[in-house]
Amino acid sequence: MKKHYFAIIKFPMYVSLSLFILALVYFIMALASYHRLGLSGWGTAAYTLLFIILVVLVSSWILILMSTHQKIKPKGLKLYTAWMLVNIYYYLAKWLSKLFLQSKQILQESFLHFNNEIVLTNFNGIHSQKILLLLPHCLQSSECKIRIVNDIIECEECGNCDIAKMKGIVNKYNVKAVVASGGSLARKLIIDTNPDVIIAVACHRDLTDGLRDSWRYPIYAVLNERPKGTCFETTVSTAPIEFAIKKFA
Ligand code: SF4
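Residues numbered from 1 in each chain as written. Predicted model: local features only at pLDDT ≥ 70, side-chain atom pairs only at ≥ 80, totals over all residues. Heavy atoms only, no water.

Asker: Is there a simple way to explain the nonpolar core in this structure?
Answerer: Nonpolar side chains in soluble globular proteins generally cluster together in the buried interior. Within the largest apolar cluster, 35 residues are counted, with the highest numbers of intra-cluster contacts made by Phe-11, Trp-61, Ile-64, Leu-85, Tyr-89, Phe-111 and Leu-134. The element best represented in this core is helix H3 (residues 75-99), accounting for eight residues. When residues of this core are assigned to domains, at least three fall in each of domain 1 (2-121) and domain 2 (124-248). If we ignore the near neighbours within four places in the chain, the residues touching Ile-64 are Thr-81, Met-84, Leu-85, Tyr-89, Phe-114 and Ile-118. Val-119, Leu-139, Val-197 and Ile-199 belong to the second largest nonpolar core, which has 31 residues in total. (Core = buried A, V, L, I, M, F, W, Y, C linked by side-chain atoms within 4.5 Å. Buried < 20%, exposed > 50% of the residue type's maximum accessible area, 1.4 Å probe, protein only. Helix = DSSP H or I, 4+ residues; strand = E, 2+ residues; numbered from the N terminus. Domains from an automatic or database assignment. Contact = heavy atoms within 4.5 Å.)

Written out as structure tokens, the structure reads:
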């Protein structure tokens with residue numbers, strides 16, 4: 001339990017520490033320049049600009065941290081924090097985790113958990129038909145005679161793979177579900193269905209890339225299990241999916 005908790009807080013910890021290091025470097029450099037030379041007009045302008053950037057970075061991060069517990073109402077602000085999270089803070093955390101020789105997968109998992117907290121807090125009261133369950137093609141049995149393309153309605157629910165369980169969820173909660181065989185198709189299916197919220201099932205890498213690609217959409221990430229190796233007959237637990245649907249609907 002303790003180990004799981006530390007895995008989750010790694011991403012916010014790395015971002016906070018990166019910002020602290022940046023602020024420290026800034027103040028050391030500013031003080032050193034001032035003592036050595038006094039600041040010229042250009043120097044003052046440059047340090048003022050850097051200070052403003054630092055303030056924006058820190059205040060936006062505080063806002064994002066708050067959004068894990070408190071709903072952000074203005075849509076523009078939601079988009080701004082989503083953009084900052086995937087385009088700025090993710091890279092700050094990645095840089096620091098590399099410095100600490102941490103595995104990429106641990107950081108990605110923590111990032112996905114952190115993003116899930118934000119999405120759960122900020123999106124609810126959504127019509128079930130506006131919830132999209134985005135599934136990876138590798139969930140399907142390699143021996144299945146039916147070719148599941150995009151829509152899982154074709155599945156005959158023989159139970160040989162987890163597509164049957166997903167079809168059960170679709171029928172139970174009346175949500176939409178699509179199967180994507182790659183990032184480009186996933187993007188197209190998202191644009192075509194234009195959901196209010198997405199519950200995406202995939203591996204660490206695909207979920208992280210997908211989340212950063214489609215940052216305009218709120219994405220709740222569910223990691224699949226890979227008992228037979230990467231991208232082959234993967235499985236997924238229904239519990240986190242049902243939990244998310246109940247929270248969003
Ligand atoms: S559960 Fe559906 S998709 Fe999976 S093997 Fe059976 S018919 Fe094919």
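Continuing now.
Asker: Before we go on, may I ask you to explain the pattern of salt bridges in this structure?
Answerer: It is possible for side chains of opposite charge to pair when their charged atoms get near one another. In total, this model carries eight salt bridges according to the counting rule given. Glu-157 serves as the salt-bridge partner of Lys-167, at 3.5 Å between the closest nitrogen and oxygen. Here the residue Lys-167 occupies a position in helix H5 (residues 163-173), and Glu-157 occupies one in the loop between strand S2 (150-151) and H5, the gap between them amounting to ten residues. The class of Glu-157 is partly exposed, set by a relative accessible area of 41%. Taking the shortest distance from any N to any O, the salt bridge between Glu-242 and Lys-172 comes out at 3.1 Å. Of this pair, Glu-242 sits in helix H8 (residues 238-248) while Lys-172 sits in helix H5, and the two are 70 residues apart along the sequence. Judged by relative accessible area, which is 17%, Glu-242 ranks as buried. (Salt bridge = Lys/Arg side-chain N within 4 Å of Asp/Glu carboxyl O.)

Asker: Explain a nonpolar patch on the surface here, please?
Answerer: A cluster of nonpolar side chains, namely Leu-17, Phe-20, Leu-24, Ile-28, Trp-95, Leu-99 and Phe-100, defines an oily patch on the protein surface of about 720 Å² accessible area. Every element with two or more residues in the nonpolar patch is listed here: helix H1 (2-37) and H3. Ranked by the residues each element gives to the nonpolar patch, the list is headed by H1, at four residues. Structurally, Phe-20 is set in helix H1. (Patch = residues over 30% accessible without salt bridge, like charges linked within 9 Å, V, L, I, M, F, W, Y side chains within 5 Å. Areas by Shrake-Rupley, 256 points an atom, 1.4 Å probe, with all protein chains shown as cover.)

Asker: Is there a simple way to think about the site of the ligand in this case?
Answerer: Near the ligand you find 13 residues, and of these Cys-144, Cys-155, Glu-156, Cys-158 and Cys-161 are the closest. When its residues are assigned to classes, the shell around the ligand shows seven nonpolar, four polar and two charged. (Near = heavy atom within 4 Å. Nonpolar A, V, L, I, M, F, W, Y, C, P; charged D, E, K, R; others polar.)

Asker: Hey, could you run me through unusual backbone geometry in this one?
Answerer: With glycine set apart, most residues show a phi of negative sign, and most peptide bonds adopt trans. The phi torsion at Asn-174 lies on the positive side, around 60°, for a residue other than glycine. With respect to the element layout, Asn-174 can be found in the loop between H5 and strand S3 (176-180). Of note, the phi angle at Asn-194 is positive, near 40°, even though the residue is not glycine. Counting through the fold element by element, Asn-194 comes out in the loop between helix H6 (183-193) and strand S4 (197-202).

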